[in-house]
Amino acid sequence: MRPDQPAADGYADRMADTPPGSPLPSPPASTAPSVGEAPRMPRRRLGWRRFLALAGVVLLIAACAVFMVFTLGQSLGAQALLIGVAAAILPVPVLVACFLWLDRYEPEPLKYLIFCFAWGAFVSTAASLTVNDFAANRFADWGLPSALTGVLVAPFIEESTKALGPILLLVFRRREWSGITDGLVYCGLSAVGFAMVENILYLGGLGYASGVDRYGPATGIQQVIAIFILRILLFGFAHPLFTSMTGFGLGIAARTADRRVRVLAPIAGLLLAMMLHGTWNLLPTLTQATGEAVIMLYGFLGLMVPVFFGTVGLAVWLRAWEGRLTERVLPDYVHAGWLSPPEVAALSSLGRRHAARSWARRVAGDAGVRAMRGYQSAATRLALLRDGTLRGLDRKAADQERTAREERELLDAISAYRSVFVGRDPQAPAGLWDGSRYHLRFPDGTQRPVDAPDEPVVPIPVVLAPAPPPVGYAPPGWPGLRPPAPWHPGHH
């Protein structure tokens, strides 16, 4: 991600160069620290306002859940409801796993993922069911076909309410958004929750209950299987696909400083989601009205399949592109001496991150693995923080102070995490990194400076130099200003 707008007053340029306060504690220079429990990131305190807001959201979701259970139970019956729930839950783990796979570089807090899923499953379905039933009754009173509800009303209310949960997260927890991938994950999980409850209505009502009323339980089970194959196995991607359009818009809005883009991008994504949803609902309506099954076939193969594969391909590409954010941003901290080039190289792909955790386990045991996981998470959050600063997201002085404080906390945490495993590998060269060069100790006992290669090839942390310059984010003790390191931030 490249910054789309620089911050005012050169604030971004001062990041990673001027510490907000006293110097950070230096990591050990040459001796390996004792292996202990991995440090933990500082947690935000839960004030009374946050507690009330959280309680209100939980109560809203709980009330909508009770409403949906009561409504579905009353309309379907207990047996049909249980069968519908059992069948509708089956695809949920697969769909959720797909979105979590997209989110592996910088996993979002579990509470926010659960919130989006629960919002789509209960709040969105409760609102949509109420509005759709009201609209269907009004169309019937006016002598209009009820199919208009699915084409004109359902796309509007369903996409709006599914997106409202992620929008609330964007407004109140914007710092938890790292880009478009997060938008796809949050909106996708909301859509999966919505689709699950909607499938209960179709599988339990149109499937089992309808079949039992007409021909008995055997027919009911057959209809459940038929609807499961048609609606879930073939078209189960529909709701996540529609709402992912809104996710694109919200993800763009989360990482831009342009106020116009912040407003227009989500609106454009939401409108696109509504149009896709309305078109999808229109296809079976036209097919039934004309008796031409080819309309559904052409609409599915000519529109939905290309949109689906195009969206999946774009999501995978964005995942890899956003995953390489660390190697585009963290070299600034390499130059300042907080990180070494191999450490940034070890963060650039999931394979290298896994290799780094395996190495940490070998040299420092289970504590090393926990520390490496925490280190990777903190380093990724640090990259996101600096990228947001470069993009000019922090306009207010209070936001800049908060960002500087969070940056300092992350650097503290990184130093603490790396102290668990750094300098412990007997196969790694003994040396220091000063932000510009390596100072390696050779077998004959001599120590010489060695320039960093253009491509860091050994993803193993080395000990950082033990002293900072008077000014600048760097390990304590290095006097004066440092020359630029050979590894340029734009180099890949």
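Remember, it's a predicted structure, so these values are computed and weren't measured experimentally.

So, on to the overall build of the chain. In terms of regular secondary structure, the chain is built from 16 helices and four strands. Counting only residues that meet the buried cut, the chain has 49% of its 492 residues in that class. Put simply, of all contacts in the chain between residues at least 6 apart along the chain, 77% involve residues at least 24 apart. Accessible surface, the chain as shown: approximately 23700 Å² in total, 66% of it carbon and sulfur.

This part covers the nonpolar core. Of all hydrophobic cores here, the largest spans 60 residues; its most connected members are L72, L169, W177, Y186, L203 and W280. Counting residues per element, this core draws most heavily on helix α7 (residues 180–214), at 13 residues. For W177, the contacting residues outside a window of four places in its chain are P166, L169, L170, D182, G183, Y186, L250, G251, A254 and R255. By size, the runner-up hydrophobic cluster in this structure holds 37 residues, among which are L347, A413, Y417 and L440.

Put simply, helix α6 (residues 147–172) and α7 touch, their axes get as near as 9 Å, and they point 140 degrees apart. The orientation of α6 with respect to α7, classified from their angle, is oblique. The element α6 and its partner α7 pack so that their crossing is right-handed. On α7, the residues touching E158, K162, P166 and L169 of α6 are Y186, C187, S190, A191, F194 and E198. Its residues placed into classes, the contact of α6 with α7 shows six nonpolar, one polar and three charged.

With 81% of its residues at a pLDDT of at least 70, the chain reaches an overall mean of 80. The model gives residues 467–492 a pLDDT under 50, and that stretch makes 86 contacts with residues more than four places away or in other chains.

End to end, α7 covers 48 Å across 35 residues, agreeing with the expected 51 Å (1.5 Å per residue, within 8%). For α7, the principal kink sits at G204 and spans about 25 degrees. Across the 35 residues that make up α7, a large majority, 28, are buried. Following α7 by one or two positions, G216 adopts a phi angle in the positive range, close to 120 degrees.

Further remarks concern the packing of aromatic side chains. The relative placement of two aromatic rings is captured by the distance of their centres and the angle of their planes. A full pass over the atoms with the stated rule returns 12 aromatic pairs. Ring centres of W317 and W321 lie 5.9 Å apart, and the angle between their planes is 10 degrees; on these two criteria the pair is classed as stacked. Of this pair, W317 and W321 both sit in helix α11 (residues 293–323), four residues apart, roughly one helical turn. Relative to F421, the ring of Y375 lies with its centre 5.9 Å away and its plane at 90 degrees, an arrangement referred to as edge-to-face. Taken together, the residues Y375 in helix α15 (residues 350–390) and F421 in helix α16 (residues 397–421) connect sequence positions 46 residues apart.

Take a nonpolar patch on the surface next. Among the surface-exposed residues, I221, I225, I229, L230, L233 and L234 lie close enough to one another that they form a single nonpolar patch of about 550 Å² accessible area. Along the polypeptide, I229 turns up in helix α8 (residues 217–234). Residue class for I229 comes out partly exposed when judged on its relative accessible area of 41%.

On to the pattern of salt bridges. Going through the model one piece at a time under the given rule, you end up with 10 salt bridges. Between D141 and R138 there is a salt bridge, with its nearest N and O atoms 2.8 Å apart. Of the two residues, D141 and R138 are both situated in helix α5 (residues 110–141); the distance of three residues between them amounts to about one turn of the helix. Residue D141 is classed as exposed on the basis of its relative accessible area, which comes to 54%. The salt bridge involving D387 is made with R391; its shortest N-O contact spans 2.9 Å. Judged on exposure class, the residue D387 and its partner R391 are both buried. In the salt-bridge network here, residues are joined through shared partners; they are R255, D387 and R391.

Inspection of the secondary structure puts A88 in helix α3 (residues 78–89). Along the backbone, A88 and E198 are 110 residues apart, and their C-alpha atoms lie at a distance of 8.5 Å. With residues near it in sequence (within four places) discarded, A88 still touches M196, N199, I200 and L203.

To continue, consider the pairing of strand β2 (residues 437–441). Every other side chain in a regular strand lies on the same face of the sheet, so the side chains alternate between the two faces. Pairing analysis gives three bridges linking strand β1 (residues 431–433) to β2, with the strands arranged antiparallel. Note on β2: the bridge partner recorded for W433 is Y438. In sequence, β1 turns back onto β2 through a hairpin of three residues, with G435 there showing a positive phi of about 100 degrees. As paired elements, β2 and strand β3 (residues 447–451) share five bridges and run antiparallel to each other.

Here is what the cut-offs are and how they apply
- Residues numbered from 1 in each chain as written.
- Predicted model: local features only at pLDDT ≥ 70, side-chain atom pairs only at ≥ 80, totals over all residues.
- Heavy atoms only, no water.
- Helix = DSSP H or I, 4+ residues; strand = E, 2+ residues; numbered from the N terminus.
- Buried < 20%, exposed > 50% of the residue type's maximum accessible area, 1.4 Å probe, protein only.
- Contact = heavy atoms within 4.5 Å.
- Areas by Shrake-Rupley, 256 points an atom, 1.4 Å probe, with all protein chains shown as cover.
- Core = buried A, V, L, I, M, F, W, Y, C linked by side-chain atoms within 4.5 Å.
- Axes fitted to C-alpha atoms, helices over the stretch in contact; angles between N-to-C directions.
- Parallel < 35°, antiparallel > 145°, perpendicular 65-115°, else oblique.
- Left-handed = near helix turned anticlockwise from the far one by under 90°.
- Nonpolar A, V, L, I, M, F, W, Y, C, P; charged D, E, K, R; others polar.
- pLDDT = per-residue confidence, 0-100.
- Expected span 1.5 Å × (residues − 1).
- Bend = angle between axes of the 7 residues up to and from the residue.
- Phe/Tyr/Trp six-rings, centres within 6.5 Å; stacked < 30°, edge-to-face > 60°.
- Patch = residues over 30% accessible without salt bridge, like charges linked within 9 Å, V, L, I, M, F, W, Y side chains within 5 Å.
- Salt bridge = Lys/Arg side-chain N within 4 Å of Asp/Glu carboxyl O.
- Pairing = 2+ DSSP bridges.

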